[in-house]
Amino acid sequence: MTTMPSVQFDADIIRKLSMSGPRYTSYPTADRFTARFGYGDYLEALAGLTYRGGRRPLSLYLHVPFCDRLCYYCACNKIITKDRSKAATYLGYLKQETAMQGKLFAGMNRVEQLHLGGGTPTYFSNAQMGELMAHLRRHFDFAPDAEGEYSIEIDPRTVDARRIHSLRAQGFNRASLGVQDFDPDVQQAVNRIQPYEETMAVMNAARDAGFRSISVDLIYGLPQQTLRTMEQTLSKIIVANPDRIALYNYAHMPHLFKPQRRISESDLPASAAKLDMLALCISRLTAAGYVYIGMDHFAKPADDLAVAQRQGRLHRNFQGYSTHAETDLVACGVSAISAVNGTYSQNEKTLDEYYAKLDAGRLPIARGYRLGNDDLLRRLVVQRLMCDFALSLASATEGMAVPFREYFAPELRELQAFVADGLVTLDDDWLSVTPKGRLLIRNICMVFDRHLREARLQAAAMPAAALAAQPLRFSRTI
Ligand code: SF4
């Protein structure tokens, strides 16, 4: 029996449609958040949840911004410091913020998902991490290990086997390891020296310690990368056999991310070479048995993500794909973004402002957004397309006076170009993304983005010089 490939690479179509566009970790995207939304609005959203007697489980995200050394490709919100006392101060404030959130969610504080991201969460010492996890357990009701998804981003350069076993004992059951590339020249060019043996030792320790799922991050398009180095890195990764692989396209945007100015453009692979790398990654990983989940993610067929996708239970939030749908996301730490009862709220981005608001006894919310009915509908459409590669038109607008085909008439007209290119199919009820269209899922979702449409209309009305002076806000869709 032949099975349909989960994804199909078509260089001509990709060349034709690659453009700058959002990644849709949220809809609307974070550039729509405003300072008009603040602490009071967040409390109002929470009150709505309490009023509804909402007993939805929670996802918790904690951001730890510190790193020892700078990776030149980095686009994260982080602080490079070797001064460990900063971590102790930060931990105090993080505990204060999580305690405040725990109080606000009293009676509806069941946590089924926890993610520690950064920065480098393992910048906290073993004792600090133990203190933080014990504190979280006092303020939230964690589902048992077998039911909850408790993950942590691990920089293999910062831990040894003993620390990995401690992390498991402290409650983490999923590990996400930063690898990027195994080639020494590439590692040198991005200032991230991480020997293969070191990464493998951490991975093996995570298996021994009983982590349920191990994920690794790779990047293609880095300086000094070639098809040959990529081939070697892929061979090593396939032998290492992680459950999930996130494969990111390096977006060189030095005007937005200062560390990237240290990367010389002449060391970057040309766009044709990058496409060859992507094609290679897809063919090697799918041949090795990985399923393309969507938006840079691959997983083993037995991994929870792939199972959830087959069962139509996959969900997407700021941390990427998740198997826990319908949770409110409470995010703590500098710059973290919460998603609670139809609102987004983002914390202050600098430590000083973050600390100052907590010192004043307030949650450190800097800006946010309340979704209207149109946003909620479009968020559902974008979510289902990103997670299932298919959308039932009737169920998307169920209960609404206007049918889908009428409400989204301009979008469906725009989609005809994708139908003609064989990227989507449209019938009476279903909009389906073909294996060839899956790599271009961001382009397809962009059709449904009302805010982007409005921004484009404004841009079309701008004088050419003013338009050219506008910096690119988003990475390329592929
Ligand atoms: S890539 Fe990760 S480890 Fe490197 S500087 Fe950025 S946040 Fe820190």
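Throughout what follows, the structure given in this document is the object of discussion.

The rules behind each value
Counting starts from 1 at the beginning of each chain's written sequence and moves along it residue by residue. Since the coordinates come from a predicted model, pLDDT governs what is reported: local features require at least 70, and pairs of side-chain atoms require 80 or more to be given and counted, while whole-chain, interface and lining totals use all residues. With hydrogens and water stripped out, all remaining heavy atoms of the structure feed into the side-chain values. The near set for a molecule or strand comprises every residue that places at least one heavy atom within 4 Å of it. In this count, Pro and Cys sit with the nonpolar residues alongside Ala, Val, Leu, Ile, Met, Phe, Trp and Tyr, while Asp, Glu, Lys and Arg are called charged and the others, Gly among them, polar. Here is the rule: rings of Phe, Tyr and Trp (six-membered ring for Trp) pair when centre to centre is within 6.5 Å. Planes less than 30 degrees apart are stacked, more than 60 are edge-to-face, and the remainder are tilted. Exposure categories follow from relative accessible area, calculated using a 1.4 Å probe and restricted to protein chains: below 20% of the type maximum is buried, above 50% is exposed, and the middle band is partly exposed. Helix and strand labels come from DSSP, where a helix needs a run of H or I of at least four residues and a strand needs a run of E of at least two; each type is numbered from the N terminus. Only when the NZ atom of a Lys or the CZ atom of an Arg is both within 6 Å of the ring centre and within 35 degrees of the ring normal do we say a charge sits over the ring. The criterion used for residue contact is that any of the two residues' heavy atoms lie within 4.5 Å.

**Considering the site of the ligand**
Taken together, the neighbourhood of the ligand is formed by Cys-67, Arg-69, Cys-71, Tyr-73, Cys-74, Cys-76, Gly-119, Thr-120 and Arg-192. Each residue belonging to the shell around the ligand can be placed in one class, and the counts come to five nonpolar, two polar and two charged.

**Some details on the packing of aromatic side chains**
Within this structure, the stated rule accounts for 15 aromatic pairs. Between the aromatic rings of Tyr-24 and Tyr-27, the centroid separation amounts to 6.4 Å while the plane-to-plane angle is 40°, which identifies the pairing as tilted. By relative accessible area, Tyr-27 is classed as buried at 2%. Aromatic side chains Phe-182 and Tyr-196 sit 5.0 Å apart centroid to centroid with 90° between the ring planes, which places their arrangement in the edge-to-face category. With a gap of 14 residues between them, Phe-182 in the loop between strand E7 (174–180) and helix H6 (184–189) and Tyr-196 in helix H7 (residues 196–209) connect regions that are remote in the sequence. For Tyr-196, a relative accessible area of 22% puts it in the partly exposed group. Three or more aromatic residues link up through ring pairs in this structure, and these residues are Phe-66, Tyr-90, Tyr-93, Tyr-123, Tyr-354 and Tyr-355. Here Arg-84 stacks its cationic end above the ring of Tyr-123, 3.7 Å away from the centre of that ring. Over the face of the ring belonging to Phe-142 we find Arg-137, whose NZ or CZ atom lies 5.4 Å from the ring centre.

**Topic: the side chain of Asp-296**
One can find Asp-296 in the loop between strand E10 (291–294) and strand E11 (297–299). Judged by its relative accessible area of 16%, Asp-296 falls in the buried class. Beyond its immediate stretch of four places on either side in the chain, Asp-296 contacts Arg-23, Ile-245, Ala-246, Leu-247 and Tyr-248.

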